[in-house]
Amino acid sequence: MKKINICIIAALSTCLLIGCFSITSLAQSVPENTLTVRDGLPNFFTKVKEKKPVTVVYFGGSITNAGYGYRVQTEKRFREMYPGVPFTMINAAIGGTCSDLGAVRTEDDVLSHQPDLVFVEYAVNDDGIDSVKIIDAMEGIVRQILDRNSKTDICFLYTATDRMTATNLQGRHWYSARVMERVADYYKIPSIALDFALAKSVAAGKTIVKGEKGKDYGDKIIFSYDGVHPTREGHEIYTQALTDAFDIMSGMKQHVRKKPGKPLSPNNYEKYGWYSVTKAKMSGNWQQLGTGNEIYDRFKAELPELFCGTGADDQITVRFKGTRIGFFDVIGPGTGSVIVRIDNQSPIPIRRFDKYCTYYRYHYFWLPELEDGEHTVTLTVDPTPFDKQTDPPAAELSDDIRKDLPKRNIYLGKIMLSGNLLKSEK
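Bear in mind the structure is a predicted one, so any value in this text is a computation, not a measurement.

Definitions and limits used
Starting afresh in each chain, residues are numbered from 1 along the sequence in its written order. In view of the model being predicted, local features appear only for residues whose pLDDT reaches at least 70, and side-chain atom pairs are presented and counted only at 80 or more, with totals across whole chains, interfaces and linings using the full set of residues. Side-chain metrics rest on all non-hydrogen atoms present in the structure, leaving aside hydrogens and water. Only runs of H or I of at least four residues qualify as helices and only runs of E of at least two qualify as strands under DSSP, and these elements are numbered from the N terminus. Accessibility here uses a 1.4 Å probe with only protein chains present; expressed as a share of the type maximum, an area under 20% marks a residue as buried, one over 50% as exposed, and anything in between as partly exposed. Residue contacts follow a heavy-atom distance rule, with two residues in contact if any of their heavy atoms lie within 4.5 Å. Side-chain atoms alone can form a polar contact between residues adjacent in sequence; in general such a contact is a pair of N or O atoms within 3.5 Å, and within protein one must be able to donate a hydrogen while the other accepts it. Helix span, as expected, comes to 1.5 Å for every residue beyond the first. Buried Ala, Val, Leu, Ile, Met, Phe, Trp, Tyr and Cys residues form a nonpolar core when they are joined through side-chain atoms within 4.5 Å. Pairing between two strands is assigned when DSSP locates at least 2 bridges connecting them. Only the stretch in contact is used when fitting a helix axis, every axis being a line fitted to C-alpha atoms; angles between N-to-C directions are given from 0 to 180 degrees. Salt bridge, as applied in this entry: a Lys or Arg side-chain nitrogen positioned within 4 Å of an Asp or Glu carboxyl oxygen. Angles are sorted into four bins: roughly parallel if under 35 degrees, roughly antiparallel if over 145, roughly perpendicular if 65 to 115, and oblique for all others. In a left-handed crossing the near helix is turned counterclockwise from the far helix by less than a right angle, and in a right-handed crossing that turn is clockwise. Residue polarity is assigned by list, with Asp, Glu, Lys and Arg as charged and Ala, Val, Leu, Ile, Met, Phe, Trp, Tyr, Cys and Pro as nonpolar; anything else, Gly included, falls into the polar class.

Structural notes on the environment of Asp314
Turning to step 1, where the next piece is worked out: Mapping Asp314 onto the fold places it in the loop between strand E12 (307-309) and strand E13 (315-331).
Turning to step 2, where the next piece is worked out: Residue classification places Asp314 among the buried residues on the basis of a relative accessible area of 1%.
Turning to step 3, where the next piece is worked out: In contact with Asp314, other than residues within four places in its own chain, are Ser283, Gly284, Asn285, Trp286, Gly309, Leu379, Thr380 and Val381.
Turning to step 4, where the next piece is worked out: Of note is the side chain of Asp314, whose polar atom sits 3.0 Å from the backbone nitrogen of Gly311.

Laid out in structure tokens, this is it:
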């Protein structure tokens, strides 16, 4: 029986991708209510009622970052819903990043704006992350925000992909969202199930989760063409669910939130942060990139200090007291590898190139967790050639991209840390 059930779920998932399975009968399994209120958003609604200035930060990955997506759509809706309220909307999303980097970025990219409301959207990007790590990261984000100002409101948003929708149609969140709900419950943070909103539309026969470009689906909405990133119409499903939730909350009693007490996880990422690589000892021929360099101009918003290393003499040494260290960088067609040594341990080779490096993008990597204490880490550029198998293959890439493939550059901008930097000899 177990094998049969697994096959049924697998078949359902496959049919969802191509829109060939009749699932109207499953509509009753999807929760009607996509909002879990908990303590609500007292600060937001108080300021809206009094028509005071409101700053909203959108924090997440590429789904939030989309220039035509739910973020942009809800910005417009909020101004319509709350006329006369001076809104400042901040896009603090970076595509392809998870909640662990969110915990690192919270101080610079969220708290620096003194927000009244923070939307946190990482359910899709945290797919595949260990549940303990998700709790540690999401709690780290929450505690950093509430430690700074307990009045700041937070709202979790749960988005979905094609492979998550079969689970959503059974009335359950995907595991990453279920884990995040533990943090939301503990801190009484409202959450909006955008994943259930999508599932309801699919179950009603209104939406195709993953469509094929050029294929006629009649009057059905195509949620996505890649199974992950919604179309403009797909984002409208999210936007409607979010603004409907705000309509509901606006008529409810709001509860004053207190300063956070004992943490849910003692190992949460509350103390995580990042620093410029200029805080480390740099040796060799690192080149600091500046205005006019194509890569720098593209990524200077997050990496105002970006360095390029090309040879085996290019090394960075970091001394710190803490438990974890990583690096925030840029990877793409022209990037290569590094060799990392922690204290006196064996060197660790790390490839800074993958099959998606058909363009340049933000990226990051963590080193293994360590005993709490003082540590020295050296990162050295490894210019050794390796075969760059790309998808699509190099023959299908543009000339501009293909010309960069022989390079083995490393682009570094930030040191990510749980702990404190120690002074390094220059």
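From this point, the discussion proceeds with the structure in view.
A look at helix H6 (residues 131-148)
Turning to step 1, where the next piece is worked out: An ideal rise of 1.5 Å per residue puts 26 Å on 18 residues; H6 measures up with 26 Å between its terminal C-alpha atoms.
Turning to step 2, where the next piece is worked out: With respect to burial, H6 is a largely interior element, 13 of its 18 residues being buried.
Turning to step 3, where the next piece is worked out: The N-cap of H6, judged by a side-chain oxygen 2.9 Å from the amide nitrogen of Val132 a few residues on, is Asp130.

Details of the nonpolar core
Turning to step 1, where the next piece is worked out: The biggest cluster of nonpolar side chains holds 51 residues, and the ones touching the most others in it are Met138, Phe156 and Phe328.
Turning to step 2, where the next piece is worked out: When residues in this core are grouped by element, the largest group, eight residues, is from H6.
Turning to step 3, where the next piece is worked out: Residue contacts for Phe156: discarding those within four places in its chain leaves Val120, Met138, Val142, Met180, Val183, Ala184, Ile189, Pro190, Ser191 and Ile192.
Turning to step 4, where the next piece is worked out: Counting residues in hydrophobic clusters, the runner-up holds 44 residues, among them Tyr58, Met89, Trp174 and Phe246.

What to know about the pairing of strand E17 (residues 373-382)
Turning to step 1, where the next piece is worked out: For E17, the buried fraction is high: eight of the 10 residues fall into the buried class.
Turning to step 2, where the next piece is worked out: Relative to E17, E13 runs antiparallel, the two being bridged by eight bridges. Bridge pairing links Phe320 to His375 in E17.
Turning to step 3, where the next piece is worked out: By the bridge criterion, six bridges tie strand E14 (residues 337-342) to E17 in an arrangement that is antiparallel. Its bridge partner lying in E17, Val340 is registered against Leu379.

Here's the deal with the sheet that holds strand E5 (residues 153-157)
Turning to step 1, where the next piece is worked out: The mixed open sheet is built from six strands, whose spatial order is E1-E6-E5-E4-E2-E3. The sheet terminates laterally at strand E1 (35-36) and strand E3 (87-91), the two strands that pair on one side only.
Turning to step 2, where the next piece is worked out: Contacting strand E2 (54-60) and strand E4 (117-121), helix H5 (residues 99-110) crosses the sheet at an angle of about 155 degrees to E2.
Turning to step 3, where the next piece is worked out: With respect to the sheet, H6 is in contact with E2, E4 and E5, its orientation differing from that of E5 by roughly 160 degrees.

What about the pattern of salt bridges?
Turning to step 1, where the next piece is worked out: Evaluation of the coordinates by the stated rule reveals 19 salt bridges.
Turning to step 2, where the next piece is worked out: Salt-bridge contacts for Glu32 lead to Lys200; the nearest nitrogen and oxygen are separated by 3.7 Å. With Glu32 in the loop between helix H1 (2-18) and E1 and Lys200 in helix H9 (residues 194-203), this pair connects stretches of sequence that are 168 residues apart.
Turning to step 3, where the next piece is worked out: Given a relative accessible area of 64%, Glu32 falls into the exposed group.

Considerations on the environment of Val120
Turning to step 1, where the next piece is worked out: With respect to the helices and strands, Val120 occurs in strand E4.
Turning to step 2, where the next piece is worked out: The sequence separation of Val120 and Arg352 amounts to 232 residues, and the corresponding C-alpha distance is 28 Å.

Notes on the packing of H9 against helix H10 (residues 232-250)
Turning to step 1, where the next piece is worked out: Remark: H9 packs on H10, axes separated minimally by 9 Å, with the N-to-C direction vectors making an angle of 120 degrees. Judged by the angle between their axes, H9 and H10 are oblique. At the point where H9 passes H10, the crossing takes the right-handed sense. Of the residues in H10, those touching H9 at Leu194, Ala197, Leu198 and Ser201 are Ile237, Tyr238, Ala241 and Leu242.
Turning to step 2, where the next piece is worked out: Partitioning the contact of H9 with H10 into residue classes produces seven nonpolar, one polar and no charged.

Quick look at the side chain of Thr207
Turning to step 1, where the next piece is worked out: Topologically, Thr207 is positioned in strand E7 (residues 207-210).
Turning to step 2, where the next piece is worked out: Polar side-chain contacts of Thr207 include one of 2.5 Å to the side chain of Ser201.
Turning to step 3, where the next piece is worked out: Those residues in contact with Thr207 that lie beyond four places of it in its chain are Leu198, Ser201, Val202, Ile221, Phe223 and Ile237.

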